[in-house]
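The residues making up each chain are set out below.
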Amino acid sequence: MTALATLIMTGAPRELANPREAALIAVPAGKELGLHEQGFTRDRDVVAVAFQPGQEHEGPTNIAVYERLNNKIRINPRCSPWYSPNPELFMIAAHDDETGYGYSNARLVRFGPVPRADFAIRLMQGTAALQRAATAAPGLAPFPFRPK
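Here's what I pulled together on the structure shown here. Keep in mind that this is a model prediction, so the values were computed, not measured.

1. Here we look at the environment of Ala50
When you line up the elements, Ala50 lands in strand β2 (residues 45-51). A residue is classified by how much of its surface remains accessible, and Ala50, at 0% relative accessible area, is buried. Between the C-alpha atom of Ala50 and that of Ile63, which follows or precedes it by 13 residues, the distance is 6.0 Å. Contact partners of Ala50, with chain neighbours within four places excluded, come to Val27, Pro28, Ala29, Glu32, Pro60, Thr61 and Asn62.

2. A word on helix α2 (residues 119-136)
For α2, with 18 residues, the first-to-last C-alpha span of 26 Å sits near the 26 Å given by 1.5 Å per residue. When we look at burial in α2, the residues that qualify are Phe119, Arg122, Leu123, Gly126, Ala129 and Leu130. Looking straight down α2, one finds that the buried residues subtend no more than 120 degrees of arc, so they occupy a single side. Facing away from the buried side of α2 by over 90 degrees, the exposed positions are Ala120, Met124, Arg132 and Thr135.

3. Let's talk about the environment of Glu21
Take Glu21: it is sitting in the loop between α1 (2-9) and β1 (22-28). Separated by 87 residues in sequence, Glu21 and Leu108 place their C-alpha atoms 7.3 Å apart.

4. Description of the sheet that holds strand β4 (residues 72-85)
The strand order β1-β2-β3-β4-β5-β6-β7 describes an open sheet built from seven strands, whose pairing is mixed. Both edges of this open sheet fall to β1 and β7 (107-111), since each of them pairs with a single strand only. On average, each strand axis in the sheet is inclined to that of its neighbour by 35 degrees, with strand direction left out of account. Two strands pair when backbone bridges link them, and strand β6 (residues 100-104) and β7 are joined in this way by five bridges, in the antiparallel orientation. For Tyr103, the partnering residue across the bridge sits in β7 and is Leu108.

Rules and cut-offs
Residues numbered from 1 in each chain as written. Predicted model: local features only at pLDDT ≥ 70, side-chain atom pairs only at ≥ 80, totals over all residues. Heavy atoms only, no water. Helix = DSSP H or I, 4+ residues; strand = E, 2+ residues; numbered from the N terminus. Buried < 20%, exposed > 50% of the residue type's maximum accessible area, 1.4 Å probe, protein only. Contact = heavy atoms within 4.5 Å. Expected span 1.5 Å × (residues − 1). Arc of directions from axis to C-beta. Pairing = 2+ DSSP bridges. Axes fitted to C-alpha atoms, helices over the stretch in contact; angles between N-to-C directions.

Written out as structure tokens, the structure reads:
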């Protein structure tokens, strides 16, 4: 989680950030959808990063982004880490449209359009960049779900 936050914060222009604060949260796989029904997204944007409990080291299984636009919640239910080496850019990219997201000053930053050329390769590179970042910082809360 910490590695993802660090990567999506770099390069996100603050002037494009939403005026509301955004929550970056870890949830068990399968629980990333429906947060708007629970009222969790009432006053903020939310980036819900889903992990398989006990397998957090493998990275997120999915990322869902809840963005408030014109008093409505726009949900991108299926997103993944995306990386481009030229120019170097890391973001969360939606699978269903061309929207990309960053995080700056505790706010969601919307990018677009995300290039669709080599999209699958960019997603694999994003996952690899995230795994490298997580390996480089092993002491920074690597497991969001601890057994009780």
